[in-house]
Amino acid sequence: MSIPVIGVVPLWDEERGSLWMLPGYMDAISCVGGLPIMLPLTSDGAAISRICRMVDGLLFTGGQDISPGLYREEVIASCGALCKKRDDMETALFAEAVVNMDKPALGICRGTQLINVALGGTLYQDLPSQYQGKTAVSHKQAVPGDVLSHTVMIIEGSPLGTLLRTESIEVYSNHHQGIRELSPELECMAVTGDGLVEAVYMPKRGFVWGVQWHPERTMYDEKSLKIFEAFIGYCRHE
Ligand code: MN
């Protein structure tokens, strides 16, 4: 049985003008038997198409805020740093890989927001100011990235519910934006106590999941591990 190759969307350091990668994304894929390959940051159609034929699945990583222009809004003052290069690449990659080719995909943090926006959904540009009053949940943990301190309720009967067989889990969370209007192509698999969407999937595709938290940072936790096992398991059978 060959090792599933997972294309990992690169991170972009604006200050250095440099691609980079957090080892957690790569290690999480390796840990469950996949081969992670960091992709070039390109939105060239021929390159995107070739990438899609090479890989068995795609990991849409975390990073900068998504440009509000992608969901037809003006940028507000409290919106975070944007990254046009990534917006361009990821929308092109998602359209080709997922919409056209039905490749399996996992979105993490920004990746989840990208999936929602690529399918016509919208975001809160700044959760602290736009989601005020509805929440006592901190979505941006002040603690180091290996601590589980944000509770997420799993929707029973959803694919995530079936996988984890539990009502709630603790996660590591660090996000500034969140899903406002869920795309009609997606269904919710988890929410926080304040009602914010924390995990989604695309029922019309084999495996397109997004989680707003960071399971790759807490792979010592069985539930985090299971999410990557489910993703790679699906990629393996494609
Ligand atoms: Mn959250």
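Here, every reference points to the structure presented above.
Residues numbered from 1 in each chain as written. Predicted model: local features only at pLDDT ≥ 70, side-chain atom pairs only at ≥ 80, totals over all residues. Heavy atoms only, no water.

Q: Could you clarify how one ought to interpret the overall build of the chain in this entry?
A: If you tally the helices and strands in the chain, you get seven helices and 13 strands. Across its three principal directions, the C-alpha atoms of the chain cover 50 × 40 × 35 Å. Counting contacts in the chain only where the partners sit at least 6 residues apart, residues at least 24 apart contribute 69% of the total. In the structure as shown, the chain presents an accessible area of about 10,300 Å², 52% of it carried by carbon and sulfur atoms. When the 19 positive and 29 negative side-chain charges of the chain are each reduced to one mean point, those points stand 4 Å apart. (Helix = DSSP H or I, 4+ residues; strand = E, 2+ residues; numbered from the N terminus. Contact = heavy atoms within 4.5 Å. Areas by Shrake-Rupley, 256 points an atom, 1.4 Å probe, with all protein chains shown as cover. Lys, Arg positive; Asp, Glu negative; His and termini not counted. Charge placed at Lys NZ, Arg CZ, Asp CG, Glu CD.)

Q: Could you clarify how one ought to interpret the packing of helix α2 (residues 45–54) against helix α3 (residues 84–100) in this entry?
A: It is the contact of α2 with α3, at a shortest axis distance of 10 Å, that shows an interaxial angle of 50 degrees. Judged on the interaxial angle alone, α3 and α2 are oblique. By crossing handedness, the relation of α2 to α3 is classed as right-handed. Contacts between α2 and α3 involve Ile48, Ser49, Ile51 and Cys52 from the former and Met89, Ala92, Leu93, Glu96 and Ala97 from the latter. Across the contact of α2 with α3, the residue classes break down as seven nonpolar, one polar and one charged. (Axes fitted to C-alpha atoms, helices over the stretch in contact; angles between N-to-C directions. Parallel < 35°, antiparallel > 145°, perpendicular 65-115°, else oblique. Left-handed = near helix turned anticlockwise from the far one by under 90°. Nonpolar A, V, L, I, M, F, W, Y, C, P; charged D, E, K, R; others polar.)

Q: So what exactly am I meant to see when it comes to the nonpolar core here?
A: When a protein is soluble and globular, its nonpolar side chains tend to lie buried together. Counting 34 residues, the largest nonpolar core has Leu59, Leu106, Ile108, Leu160, Trp213 and Phe228 as its most contacted members. Residue contributions to this core peak at six residues, all from helix α7 (residues 222–236). Excluding residues that lie within four positions of it along the chain, tryptophan 213 makes contacts with Ile108, Cys109, Val152, Leu160, Ile169, Val171, Tyr172, Ala190, Glu198, Ala199 and Ile227. (Core = buried A, V, L, I, M, F, W, Y, C linked by side-chain atoms within 4.5 Å. Buried < 20%, exposed > 50% of the residue type's maximum accessible area, 1.4 Å probe, protein only.)

Q: I'm lost on the layout of surface pockets in this one. Help?
A: The gaps left among the atoms become clear once a water-sized probe is rolled over them. Reported here for the largest pocket is a volume of approximately 350 Å³. The wall of the largest pocket is formed by 22 residues, among which Gly62, Gly63, Gln64, Cys109 and Asn174 lie closest to the centre. For the lining of the largest pocket, the secondary-structure elements that each account for two or more residues are β2 (11–13) and α4 (110–118). Residue composition of the lining of the largest pocket, by class: seven nonpolar, 10 polar and five charged. (1 Å grid on protein atoms, 1.4 Å probe; cavity = no way out; pocket = protein on both sides within 12 Å on 5 of 7 lines; lining within 4 Å. Points joined across faces, edges and corners; volume = space filled by probe spheres on them.)

Q: Which parts of the structure should I look at to understand the coordination of the manganese ion?
A: Geometrically, a metal with four donors at the corners of a regular tetrahedron has ideal angles of 109.5 degrees, and one with six donors at the corners of a regular octahedron has ideal angles of 90 or 180 degrees. Of the protein atoms, only His139 (ND1), His150 (NE2), His175 (NE2) and Glu198 (OE) coordinate the manganese ion, at distances of 2.2 to 2.3 Å. Read in sequence order, the donor residues for the manganese ion give the motif H-x10-H-x24-H-x22-E. Residue histidine 175 is located in the loop between β9 (168–171) and β10 (178–179), and its partner glutamate 198 is located in strand β12 (residues 197–201); the two are separated by 23 residues in the primary sequence. By relative accessible area, histidine 175 is classed as buried at 3%. (Donors = N, O, S within 2.8 Å, 3.2 Å for Na, K, Ca; no water.)

Q: Sorry if this is basic, but what is going on with unusual backbone geometry here?
A: It is generally the case that most residues other than glycine have a negative phi and that most peptide bonds are trans. Positive phi, close to 55 degrees, is recorded for aspartate 102, a residue that is not glycine. Topologically, aspartate 102 is positioned in the loop between α3 and β6 (105–108). Relative accessible area serves as the criterion here: at 32%, aspartate 102 is assigned to the partly exposed category. Its identity is not glycine, yet cysteine 109 carries a phi of approximately 55 degrees, on the positive side. What makes cysteine 109 buried here is its relative accessible area of 6%.

Q: It is not clear to me how the side chain of lysine 103 should be interpreted in this structure. Could you clarify?
A: In this structure, lysine 103 sits in the loop between α3 and β6. For lysine 103, the side chain forms a polar contact with the main-chain oxygen of valine 55, separated by 2.7 Å. When sequence neighbours within four positions are dropped, the list of residues in contact with lysine 103 reads Cys52, Val55, Asp56, Ala97, Val98, Phe207 and Val208. (Polar contact = N/O pair within 3.5 Å; in protein donor to acceptor, adjacent residues only side chain to side chain.)

Q: Even after reading the chapter, I still don't get the state of the cysteines, so can you show me in this structure?
A: In a disulfide, the sulfur atoms of two cysteines are covalently bonded to one another. Per the counting criterion, the structure on display carries zero disulfides. Sulfur of cysteine 79: no disulfide; nearest cysteine sulfur belongs to cysteine 83 and is 13 Å away. The class of cysteine 79 is buried, set by a relative accessible area of 11%. Unpaired in terms of disulfides, cysteine 109 finds its nearest cysteine sulfur in cysteine 79, a separation of 14 Å. (Disulfide = S-S within 2.5 Å.)

Q: Help me understand the pairing of β12 in this model?
A: A regular strand places its side chains on the two faces of the sheet in alternate fashion. When you tally the buried positions in β12, you get five out of five residues, the bulk of the element. Relative to β12, strand β11 (residues 187–191) runs antiparallel, the two being bridged by four bridges. The residue of β12 that forms the bridge with alanine 190 is alanine 199. Connecting the antiparallel pair β11 and β12 is a turn made up of five residues, with glycine 195 showing a positive phi of about 90 degrees. As paired strands, β12 and strand β13 (residues 208–211) are joined by three bridges and run antiparallel to one another. Following the sheet pairing, valine 200 is matched in β13 by glycine 210. (Pairing = 2+ DSSP bridges.)

In short, shape yes, function no, at least from these values alone.
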